[in-house]
Each structure stands twice: as C-alpha cells, then as structure tokens.
Amino acid sequence: MDYKSTLNLPTTGFAMKANLAQREPERLKRWQQLELYQKIRAQNQGRPLFVLHDGPPYANGEIHIGHAVNKVLKDTIIKAKTLSGYDAPYVPGWDCHGLPIELMVEKKVGKAGVKVSHKEFRKACRDYAAKQVELQKAAFIRLGVLGDWDKPYLTMDYLFEADIVRSLAQICRNEHISKGAKPVHWCTDCGSALAEAEVEYEDKHSPAIDVRFSVVDSDKFLAACQLQPGHQGQGPISVVIWTTTPWTLPANQGVALNADMDYVLVQCQHEGQPERLLLAHDLMKSAMLRFNIDEYHVLANCQGAELEHLLLQHPFYDRQVPIILGEHVTIEAGTGAVHTAPGHGQDDYVVGQRYGLPVDNPVGANGVFVPGTALFEGMHVFSANDKVIETLKERGKLLHHHALLHSYPHCWRHHTPIIFRATPQWFIAMDKNNLRAQALTEIKRVQWIPDWGQARIESMIVGRPDWCISRQRTWGVPITLFVHKQTGELHPETEQLIEQVALRIEQHGIDAWFELSADELLGHDAENYDKISDTLDVWFDSGVTHAAVLARRTGLRFPADLYLEGSDQHRGWFQSSLLASVAMHNVAPYQAVLTHGFTVDAKGEKMSKSKGNVIPPQSVMAKLGADVLRLWVASTDYRGEMRVSEEILERTSDGYRRLRNTARFLLSNLADFEPSQHLVSNDELVALDRFILDKAYQLQQDVIAAYEAYQFQTVFQKSPSFLRH
RNA sequence: GGGCCUGUAGCUCAGUUGGUUAGAGCGCACCCCUGAUAAGGGUGAGGUCGGCCGUUCAAAUCGGCCCAGGCCCA
C-alpha cells in the first residue's frame, strides 16, 4: 500500500540544496534573456523617482571585495526601493582616463611621444580601458547586481568627454578658475614633469650647508624670546638653516620653524667673532659639534610659535623673509629651521600658501636659471651649488659645509637627479567667487549617513587648498583653453570657443583637441594665443558625472537622491563632485551621502597581499555563491570597518541555509492553499494565529523601517529571530 | 604627529534619556527525532562590555588618559 498520498509531505519545486555556485549563473542568464532590468524600468515608469548615482570605479584590474561591498549595498538599496514602489534606475559607470592606465599601457607599447605617437598611445589606452570595463562588468553582473549594463557611462565616451569640457567652460564662466604655479617633480633631461610613479629614489652626493639668516630687528627678536635684560649676549643674531639643495636659496621666501618645538638662542664664538645663533634645543649639541664650536651657552629658550612673522635677511639677495610655522619641521636632521622655497618643494609650497608667500621659480625647463636671475643666470642648478656656496662664504653667511650621501629622487628613464620646479597650473580657486563658503552651506543641507560624515567633509573643505586641476599627461581630457601669449588672459570668446571644441570632441573624442590647429578656430589671431596642452585631473572627470550622466540622461535627475561610496571618498569623489557642482550650479549634486567602511580581516587589520589575508570575491562566489557574499554584506554594520574571514563567511552560509530552509517549509505548506477558498477572516482566527500574525506584522514594519534607514544588519538580525517563534 | 571613526559572548549584531542577575541569532556541547532529513526539536555552557583613572547612590552607557585597529592627511 502506498502511504505517500495520506501524509502531509512537503510539496514544492523549491530545492533544498541551494547549490549557488552552479545555479546562480543560470539564473543571471535568465534575467538577461528576460531583459529584467529593462522590464522593471518600463513597468515602474511614472512612479516616484529614486536616483542612486553610481560612483565610477577606476577601470583597472580585477574587482576586490571592497568593490563587491559597494555594489552590493547599492544593489540592495535599488531593489528595496523598487519593492517600496519607487522607480529606481541604476546606471553603472567607469572612470577611464588617468595615470594608472597610462602606466599599464606604457609597459605594453612604450612611452607616448617616444616609442609611439601620442595619438596611438591614447588609442591603446582607450582599448585597454575598454577591456578592463568588460572584465569588471562581468564580475559585477555575477554578483547579482541589476542595472543598465548595456548602457553604462564611461568617462571616455565621446559625449562624456565633451561634457567634461563643457563643465569646465561653465566653471570658467562662473569665474572659479585661476592660473597659478605649483611645484612638481621635474626632470631637466626630459624637460617635463614626472608623475609620482615615475620617480625612483637613488643615492646621491649633495652639498649640505648651514646658512645664517640674519635677524633684521634684534630688539624685537630678543623681546620675542623673552630674554632677560642684562643677559642678552653679544654679536649678530642669526637663525641657522640647514639644506642639501643650495641652488634653491635664490627662490627662498621664508624660514620655517615648528610651532611647538623648543628653540634656544646660543651665545658662541665662530672664527674669533662673537655671535648668537637660534637652533632647535634638541639639535643644538649636534649642530655645535658640526660647526666645531666647543664653548657656547644658552641665552634664552622659546617656542617656535613665539617667533612667527619676525623678519630675516635673505643671505645674498636684497629682501627680507618672514619666520613661518610648519608641521613639516622636525628634529630629524639639521637645525630645526627650514629654508623655505615655495617654488621648489611640496611642503614649502603648502606652508607658503598659508602665509601667502610668492611662488618664485627662477629655473627654466632645462634646469638652467632664467635670464634675469641675479648671480646665477645661465647656470644649471646642480653646478650652481658651488657658486651659491661661494657667494655665501663671501658674504659671511656660510656656517658650515660638508658632503652628504643620501637617498634622492631620480628620473626613472634618465636615472638623473630631479628637482622640484614650480610650473604654471590651473586651479579651481576655493575662495574666488565664494566657492568654499557656498560648498560649506550646501554641506549642511545634505543628509550624511552616518552623521559624522558631515564633520569629516566639512573640516576637509575648510582646510583644503585650491584644487589643482591640470596635469601634464597624455591620457586625459584636455584643458581646452587659449591663453594670450603676452597678457596670460583667457581668450575673450572662451565660452563660445569651448562649445565649438566640445562639438568636435563629441564626434572624434579628445584627439579632436590635440589635433586641432589654433588657427582653425582663431584665424589670424592664433599667433597671439597659446593652445593649452595640459590635461585635466581625473578627479575632475568623475567630479562632473552629475552633469554628464544625471543631467544628460533621460530617466535620471539632478541632483541625485543618494551617493554611496567608501569613507575615503570624503576626500575623493564626494568632494570633487560637490566642488564641481557648486562651481557650476551653486548646489550640491546629492541630497544624501552614505558611506561604508573598509573591509578588514578577522583581527580587524587591513587586507594586503603581503599579509596573505585577502579574500577575493571571485573565490567566495565560486565556493559559496554570490548570495552568501551578499548576505554577508547585508549582515555587517558597514558604518565601521567590515570584518571578513573564512569563518565569518561560513557563519553567513549557515545563516543562509536556515533562511532558505524556512522559505522552503513555508512554500511547501502553502502549496495547496487557495486564498479564495481557504482564507480565514480575522475574527475566526484562533488566538495563536492572531498572535503570530501580529508578530509578523510588527516584524514587517521593523524591516521596512530598517530598509528606510539603510540598516540592513537589523533586517538580518530580526528575521531569523522571528522565525524561531 | 593631526582630523574623523571603530573596539559588547567563538561569529554577526541589540542594548532606548546612566537604574535590578548585560540580551538575540548563528556556532559550540549534550540529548531527542529520523517521512521538512546536506533538515527538525530540547537543554546548556560561554562575556574583566579594549584597558586604566575619574564623576555618580548607581557607568557597557558620561568625562579624561592609554592600548589596538581603520580611513584621510602631514
């Protein structure tokens, strides 16, 4: 006899075994064949719009687990919003220009302008980026992320490139652009700027010198040191600086001390003459030893901060330079006083900006002092070292001189020492036309999740220097400006000219600018103008996605409802997007910004290849399935660091099985349930049923509230808890 | 070195304005079931709430210092 029909056995097509690794790809294929994303778009048309704008990952390399976290969070929100009745499109994008791609391509085809033409090089970059996009796209699809994968946005699309240029034009029109100078790594053999990655450190012999900067007003100086009357010592007073680049002294504009460091004024005799020297307390002994001075005593102690703004005499030029304060001054070497040439050093530049010091650059592209440079014109910087030392000696400013072997940046191609050299650059000026203030106003209007994001980005905006948007690179969107050769002014028709260029770029991509001859647009006037050959910082590209995507595509909207990225983007994309958008439209490009933390290992430490604690998403998907990876993301509080390990994923997998089995049990029990026949009205339900229905309703409300607040870990916590009842 | 953030059972998380023996799910141990079976049920163990010092009648919760870690700078 067959008892099977007499028993209430589970009846369901819902398999017990998930077998995710095998079955997920089949399901994804079905979604694709169904054109599921497009169907959802069509069906939800007319519903309230919810725009989550995708921040473009950089198109280089396999995705790592951080990418997975980011995309899964976005996808979860998109799907939850869709279920809540919104039209929630998702247009993924990629960041395609920039140095990392150039470097990869250089390895394959050689340097632009050397082995291949710039045009061929750009073509190779475009092809390379396209391949990387496909690679990452496949991984994102495999993750189960639903979106417009057929029509993503690429910052290298011709139309996108044209819109970048148009955005620049608008920012120009709103008068936020300024031209300035900034020190960059410079190879005098290449005659060009080098990127960070093109610099290699090698040992080099340099002359190390200690130089006197005489105090201009002794009384004022002594008062600042709070020196007791009658114990003031005697002889000239100097602040002593130590440097290994004597050739940068012609560009000196200040002497930096550390505000919190202790300094001493020392009475001593040098070559028979009494004098007083200011040195860092902790470096006094080593300095005196170096100067070969045995007898000395301390006249006064003070902190660096007390000497701020006092004036010093430049050692060989007729100018006075201020004492300034900078955190970069340390007691590692030297005297505790740092000669500052804003045109020849990064730290010097930054601190110089703070004090409004001029960015003086007397050195030409070939490393030779430009005509008009007193004492040194026509000399190459490294051979000028001797002349500088000689000059200092003549004027009694040289305290000591010795040779030093140290690690020094070199050009990776020529293996010759490089210099820092200020070159003309384009900036988005933070304080021109109210940009910083308006950005800060807009920040207050935005909802920051978690809320400390606001303080974080605020302090960054308050403190940041002007945004240098120019790069001297090949694979980037050109700064399409014409500058008057004599006056340095932009062409009066700039706005209209840029639109003409943009139209050409729409047709032929960025090559259209590089191949353009100025007289095509300017006619006879071309001879009076320089056509800028700089490219834009890639952060500018991604910073204007709101213009090139949100405002451009139908079905989207500017500003977006939500931007969602890792917390590093407070300095990156959130900031570049905010500044670009405020510079263009005076408003933030987003209503809300959500950040997630970084993935770390079981011990809470950073993942790295060398530590061997990296968890590739590909292997998780292959072993446990994308849904387990997604459930891990959903179950983790993303506000802080997110821990992942084999064990954590195993636990997640356990949780997944439990959820799955419960769903199967419910489905099988409902297999023969016909609502029209079997539905029981509320007042006929037994108390236990009413109790559980109420519980279920409460849970539902909690879950909806958790989704609204983007707190997926709450959903994950509460659901199994309920299932126990 | 600076700004911001994190630190509650093996794992993931709750813990409301400071107030009784600090909770949940998973895992673990033991037991039961063996027609929901790569399942299910029951019982139980497990925590110096990162550390120290304060404020308070009372601190996981408030304040200070420190430790470990993360992001961004220097």
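In case you missed it, the structure is sitting above this.
Rules of the game
Residues numbered from 1 in each chain as written. Chains lettered and ligands numbered in written order. Predicted model: local features only at pLDDT ≥ 70, side-chain atom pairs only at ≥ 80, totals over all residues. Heavy atoms only, no water. Helix = DSSP H or I, 4+ residues; strand = E, 2+ residues; numbered from the N terminus. Buried < 20%, exposed > 50% of the residue type's maximum accessible area, 1.4 Å probe, protein only. Contact = heavy atoms within 4.5 Å. Areas by Shrake-Rupley, 256 points an atom, 1.4 Å probe, with all protein chains shown as cover. Lys, Arg positive; Asp, Glu negative; His and termini not counted. Charge placed at Lys NZ, Arg CZ, Asp CG, Glu CD. Disulfide = S-S within 2.5 Å. Salt bridge = Lys/Arg side-chain N within 4 Å of Asp/Glu carboxyl O. Core = buried A, V, L, I, M, F, W, Y, C linked by side-chain atoms within 4.5 Å. Pairing = 2+ DSSP bridges. Axes fitted to C-alpha atoms, helices over the stretch in contact; angles between N-to-C directions. Polar contact = N/O pair within 3.5 Å; in protein donor to acceptor, adjacent residues only side chain to side chain. Right-handed = clockwise from strand over helix to strand, strands pointing away. Parallel < 35°, antiparallel > 145°, perpendicular 65-115°, else oblique. Left-handed = near helix turned anticlockwise from the far one by under 90°. Nonpolar A, V, L, I, M, F, W, Y, C, P; charged D, E, K, R; others polar. Phe/Tyr/Trp six-rings, centres within 6.5 Å; stacked < 30°, edge-to-face > 60°. Lys NZ or Arg CZ within 6 Å of the ring centre and 35° of its normal.

Q: What am I meant to see in the overall build of chain A here?
A: Assigned secondary structure in chain A consists of 24 helices and 26 strands. When each of the 725 residues of chain A is scored for burial, the buried share is 52%. Contacts in chain A between residues far apart in sequence, at least 24 positions, make up 78% of those at least 6 positions apart. Carbon and sulfur atoms make up 51% of the accessible area of chain A, which totals about 34200 Å². The positive charge centre, built from 75 side chains, and the negative charge centre, built from 88, are 6 Å apart in chain A.

Q: In this structure, what is going on with the state of the cysteines? I would like to understand it.
A: Evaluation of the coordinates by the stated rule reveals zero disulfides. No disulfide involves Cys468; its sulfur sits 14 Å from the nearest other cysteine sulfur, which is in Cys172.

Q: Looking at this structure, I do not really get the side chain of Gln575. What am I missing?
A: Its location among the elements puts Gln575 in helix 18 (residues 573-585). Not counting residues within four places of it along the chain, the set of residues in contact with Gln575 comprises Ile457, Met460, Ile461, Arg464, Gln569 and His570.

Q: Could you clarify how one ought to interpret the pattern of salt bridges in this entry?
A: For side chains bearing opposite charge, pairing can occur when the charged atoms are close. Enumeration according to the criterion identifies 32 salt bridges in this entry. In this structure, Arg173 and Glu495 form a salt bridge, with 2.9 Å as the shortest nitrogen-oxygen distance. With a gap of 322 residues between them, Arg173 in helix 6 (residues 158-173) and Glu495 in helix 13 (residues 494-508) connect regions that are remote in the sequence. On the basis of relative accessible area, Arg173 is assigned to the partly exposed category, the value being 43%. Between Arg212 and Glu275 there is a salt bridge, with its nearest N and O atoms 2.8 Å apart.

Q: How do you make sense of the nonpolar core when you look at a structure like this?
A: A general tendency of soluble globular proteins is for nonpolar side chains to be buried together. Counting 124 residues, the largest nonpolar core has Ile461, Ile469, Phe482, Phe540, Tyr590, Trp632 and Tyr710 as its most contacted members. Beyond its immediate stretch of four places on either side in the chain, Phe540 contacts Ile164, Ser167, Leu168, Ile171, Ile428, Trp467 and Ile469. Counting residues in each nonpolar core, the second largest holds 47 residues, with Ile241, Tyr263, Phe369 and Ala384 among its members.

Q: Mind showing me how you'd approach the sheet that holds strand 17 (residues 447-449) here?
A: Backbone hydrogen bonds are what pair the strands of a sheet, in a parallel or an antiparallel way. If you walk across this open sheet you meet the four strands as 1-23-24-17, and the pairing is parallel. Two strands close off the open sheet at either side, each with one partner strand: strand 1 (52-53) and strand 17. Relative to strand 24 (residues 590-596), strand 17 runs parallel, the two being bridged by three bridges. Paired with Gln447 across the strands is Ala592, a residue of strand 24. This element, helix 18, spans strand 1, strand 23 (560-566) and strand 24 of the sheet and lies at about 145° to strand 23.

Q: Got a minute to help me understand the environment of His491 in this structure?
A: Position of His491 relative to the elements: it lies in the loop between strand 20 (482-484) and helix 13. Taking the relative accessible area as the measure of exposure, His491 reaches 9% and is therefore buried. Distance from His491 to Leu522, taken between C-alpha atoms, is 9.5 Å for residues 31 residues apart in sequence. Look past the residues within four positions of His491 in its chain and what remains in contact with it is Phe482, Leu497, Leu522, Asp525 and Tyr529.

Q: Can you walk me through the side chain of Asp348 in this structure?
A: Within the element layout of this structure, Asp348 appears in helix 9 (residues 346-355). Note on Asp348: relative accessible area 11%, which makes it buried. There is a polar contact of 2.9 Å between the side chain of Asp348 and the backbone nitrogen of Ala341. With residues near it in sequence (within four places) discarded, Asp348 still touches His328, His339, Thr340, Ala341 and Pro342.

Q: What is the right way to look at the pairing of strand 24 in this model?
A: Consecutive side chains along a regular strand alternate between the two faces of the sheet. Of all seven residues making up strand 24, six are buried, and the element is well covered by its neighbours. Between the parallel elements strand 23 and strand 24, the chain passes through helix 18 in a crossover that is right-handed.

Q: Help me understand the packing of helix 6 against helix 18, please; the structure alone is not making it clear to me.
A: The relative placement of two packed helices is expressed as an angle between their axes plus a distance between the axes. Packing of helix 6 against helix 18 leaves a shortest axis separation of 8 Å and a crossing angle of 60°. Overall, the two elements helix 6 and helix 18 adopt an arrangement that is oblique. Crossing angle aside, the handedness with which helix 6 passes helix 18 is left-handed. Contact with helix 6, carried on its side by Ser167, Gln170 and Ile171, involves Ala580, Ala583, Met584 and His585 of helix 18 and no other residues of that element. Classifying every residue of the contact of helix 6 with helix 18 gives four nonpolar, three polar and no charged.

Q: Even after reading the chapter, I still don't get the packing of aromatic side chains, so can you show me in this structure?
A: Two aromatic rings are characterised by how far apart their centres lie and by the angle between their planes. A full pass over the atoms with the stated rule returns 16 aromatic pairs. Each ring, one from Phe50 and one from Tyr86, has its centre 6.1 Å from the other, and the planes form 65°; the classification is edge-to-face. Taken as a pair, Phe50 in the loop between helix 2 (36-44) and strand 1 and Tyr86 in the loop between helix 3 (65-83) and strand 2 (93-94) lie far apart in primary sequence, 36 residues in all. Members of the aromatic cluster, each reached through a chain of ring pairs, are Trp448, Tyr563, Trp573, Phe574 and Tyr590. Residue placement shows Arg41 over the ring face of Tyr37; its charged tip is 4.9 Å from the ring centre. One residue, Lys531, lies across the ring of Trp513, its end atom 5.0 Å from the ring centre.

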